[in-house]
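Below are the chains, spelled out letter by letter.
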Amino acid sequence: MNFDALFNAQLDALKEEGNYRYFAELERKCGKFPLCSNHVDGEQRDVTVWCSNDYLGMGQNQMVIDAMCEAVKRTGTGAGGTRNISGTNHDHLLLEAELADLHNKEAALLFTSGYVSNWAALSTLGSRLENCVILSDAGNHASMIEGIRHSRADKVLWKHNDVADLEAKLQALPANVPKIVAFESVYSMDGDIAPIRDIVEVAEKYGAMTYLDEVHGVGLYGPRGGGVAEQEGLMDRITLIEGTLGKAFGVVGGYITGSAALCDFIRSFASGFIFTTALPPAVAAAAKASIAHLKQSDTERMKQREQVKKLRDGLDRAGIPHMMNDSHIVPVMIKDPVKTKMLADYLMDEWGIYVQPINYPTVPKGTERLRFTPSPLHSDEDIAHLLRALTTLWKQCAIAHAVA
Ligand SMILES: *Cc1c(COP(=O)(O)O)cnc(C)c1O
């Protein structure tokens, strides 16, 4: 059997519909964020990255770098094993204590990524709580969807951010089955924010536990960077808060926080926690330094907000439609995969601006977009340059301008 022919047939279909993914080959330049070197056909040129999830540039923060280098010299490169078999390092426990404190919880548990933390926690909860029903927001991330699927628990989808629909679905369930309401704070593609207070209140009314993915909120919202739930004063009312160390904290890894019993339960039963090598201690040390810094510094968050506002105002002045939301994410809808890719190519080739075209299945077909994430390190000149580029392209491509 010619397997490559089978693979290529499906890849060709992707290319046909414009949904084939091309990765930009970048080389990050320490101290130059958001500037990167782009490698194309053996050549390199500088580009400004406009779609990084290193939202605050903490991945190039000197304190974070120093913490990682110090820990590598002290402990070496890898953890040396799974958490159970010789891999639990002192730095992991220090980081878990830092995370528990960040979210004002009894305990925290580290995973190798945010994806794994969602997958492992939801699949363990859903499979081990008898008759459990998971009520999942329709906009939830793939890692939550896969965790729920793997758990084989009953899943009830509720309309995105629609608390009335959530309540109707909770009401329809038997009173005595364990229920988990799973949702995110900031949805990464539209940048909209969940009505967390209303969700928590409905969940409490029906005795459901709340599972909140704060991946796009941690480091960025709340007085100490504890996320949107911290900003709203709601952390104590959420059963489980999940986050990543790979986005605003600028390193890599994922975690959950909650009661000591909850974390011990996941630690004891989650395959995705148990059967994999622990994160390098140096990664833990760097993440801890990043979190500790953002707990006591608002400077990065405030500057980021300023730059986000400048970009939005500039887009408004240029008549370029962008999605309104209360977050740091600025989506510009193109609504066609081929056009989105074409625009992104022009921006990269002609203007030295890198923004990845966002297509299916990351977003639904017909909602393809460019997604800009201004950071505190994008200068006013970077923003002006981006606006000049977009204005020029909008004219060239005759894309419909915003109507009132
Ligand atoms: C990126 C993302 C994750 C996964 O986090 P990683 O640390 O990148 O694996 C989980 N949830 C949401 C909503 C995300 O956007």
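Structural notes, computed from the coordinates. Just so it is clear, the model here is predicted, and its values are computed rather than measured. Every chain is numbered independently, its residues counted from 1 as its sequence is written. Reporting of local features is limited, given that this is a predicted model, to residues whose pLDDT is at least 70; pairs of side-chain atoms are given and counted only at 80 or more, and all residues count toward the totals for whole chains, interfaces and linings. Where side-chain values are given, they derive from all heavy atoms of the structure, hydrogens and water being excluded.

1. Here we look at the overall build of the chain
In this text, helices come from DSSP runs of H or I with a minimum length of four residues, and strands from runs of E with a minimum of two, each type numbered from the N-terminal end. What the chain contains, in helices and strands, is 15 helices and 14 strands. By the compact-globule yardstick of 22 Å for 404 residues, the chain fits well, its C-alpha radius of gyration being 22 Å. The principal-axis extents of the C-alpha atoms in the chain amount to approximately 60 × 55 × 55 Å. Considering the chain as a whole, with its 404 residues, one finds that 52% of them fall into the buried category. Whether two residues are in contact is decided by their heavy atoms, any of which lying within 4.5 Å being enough. Long-range contacts, defined as pairs at least 24 residues apart, comprise 70% of the intrachain contacts of the chain with a sequence gap of at least 6. Of the roughly 18200 Å² of accessible surface on the chain, 54% is carried by carbon and sulfur atoms. Between the averaged position of the 40 positive side-chain charges in the chain and that of its 51 negative side-chain charges there is a distance of 1 Å. Here the globule rule reads 2.2 Å times residues to the power 0.38, and the radius of gyration is calculated from C-alpha atoms. Residue burial is assigned from relative accessible area. The probe radius is 1.4 Å, only protein chains are included, and a residue is buried under 20% of its type maximum, exposed over 50%, and partly exposed in between. All accessibility values rest on the Shrake-Rupley procedure with a 1.4 Å probe; residue burial counts only the protein chains present in the view. By the counting scheme adopted, Arg and Lys are positive, Glu and Asp are negative, and His together with the chain ends is not counted. To locate a charge, take atom NZ for lysine, CZ for arginine, CG for aspartate or CD for glutamate.

2. A few points about the nonpolar core
Buried residues of nine kinds, namely Ala, Val, Leu, Ile, Met, Phe, Trp, Tyr and Cys, make up a nonpolar core once their side-chain atoms join them within 4.5 Å. Counting residues in each nonpolar core, the largest one holds 53 residues, and the members touching the most others are Val 181, Phe 183, Ile 196 and Leu 245. Listing elements by their share of this core, those giving two or more residues are helix 4 (90–102), strand 4 (107–111), strand 5 (133–137), helix 7 (163–171), strand 7 (179–184), helix 8 (196–205), helix 9 (228–231) and helix 12 (281–296). The leading source of residues in this core is helix 12, at 6 residues. Once residues within four sequence positions are removed from consideration, Leu 245 is found in contact with Leu 95, Leu 99, Leu 110, Gly 250, Val 251, Val 252, Gly 253, Gly 254, Tyr 255, Ala 287 and Ile 291. One finds Cys 36, Leu 343, Val 355 and Trp 394 within the second-largest nonpolar core, a separate group that totals 28 residues.

3. A look at the packing of helix 4 against helix 12
In helix packing, the relevant descriptors are the interaxial angle and the interaxial distance, both defined with respect to the helix axes. Viewed as axis vectors pointing N to C, helix 4 and helix 12 meet at an angle of 25°, and their least axial separation amounts to 8 Å. The orientation of helix 4 with respect to helix 12, classified from their angle, is roughly parallel. Seen from above, helix 4 lies across helix 12 with left-handed handedness. Two secondary-structure elements touch here, helix 4 through Asp 91, His 92, Leu 94, Leu 95, Glu 98, Leu 99, Asp 101 and Leu 102 and helix 12 through Pro 281, Ala 284, Ala 285, Ala 287, Lys 288, Ile 291, Ala 292 and Lys 295. Of the residues in the contact of helix 4 with helix 12, the class split is 10 nonpolar, 1 polar and 5 charged. Convention adopted: a line fitted to C-alpha atoms gives each axis, helices being fitted over their contacting stretch, and angles between N-to-C directions are expressed from 0 to 180 degrees. When an angle is under 35 degrees it counts as roughly parallel; over 145 it counts as roughly antiparallel; between 65 and 115 it counts as roughly perpendicular; any other value is oblique. Crossing handedness: left-handed means the near helix sits turned counterclockwise from the far one by under a right angle, and right-handed means the same turn made clockwise. Side-chain classes follow a simple rule in which Ala, Val, Leu, Ile, Met, Phe, Trp, Tyr, Cys and Pro form the nonpolar group, Asp, Glu, Lys and Arg form the charged group, and the remainder, Gly included, forms the polar group.

4. Structural notes on the sheet that holds strand 6 (residues 154–158)
Taken together, the 7 strands give an open sheet; going across it, the order is 4-10-9-8-7-5-6, and neighbouring strands pair in mixed fashion. Among the strands making up the open sheet, the edge pair consists of strand 4 and strand 6. With strand direction ignored, the average angle separating the axes of adjacent strands in the sheet is 20°. Taken together, the 5 bridges between strand 5 and strand 6 define a ladder with parallel strand orientation. In the strand pairing of strand 6, Ser 136 is matched with Leu 157. The strands that helix 4 touches are strand 4 and strand 10 (254–258); relative to strand 4, the one it contacts most, it runs at about 125°. At least two DSSP bridges between two strands are needed for those strands to be called paired.

5. Focus: helix 7
Within helix 7, burial applies to Val 163, Asp 165, Leu 166 and Leu 170. The buried residues of helix 7 occupy an angular sector of 160° when the element is viewed end-on, so they sit on one face. In this structure, helix 7 carries Ala 164 and Gln 171 as exposed residues pointing more than 90 degrees from its buried face. At its buried positions, helix 7 is contacted by strand 5, strand 6, strand 7 and helix 8. A distance of 3.2 Å separates the backbone nitrogen of Ala 164 from a side-chain oxygen at the start of helix 7, and that oxygen is part of Asp 162. Arc definition: it is the arc formed by the directions from the helix axis to the C-beta atoms. Any pair of N or O atoms that falls within 3.5 Å is considered a polar contact. Within protein, one atom must be able to donate a hydrogen and the other to accept it, and sequence-neighbouring residues count only if both atoms are side-chain atoms.

6. Brief notes about the pairing of strand 2 (residues 35–40)
Both strand 1 (residues 26–28) and strand 2 contribute to a ladder of 3 bridges, which runs antiparallel. When the bridges of strand 2 are listed, Leu 26 appears paired with Asn 38. Between strand 1 and strand 2, which pair antiparallel one after the other, the connecting turn spans 6 residues, and Gly 31 there sits at a positive phi close to 90°. Connecting strand 2 to the next strand, strand 3 (residues 43–49), in antiparallel fashion are 2 residues, including Asp 41 with a positive phi near 50°.

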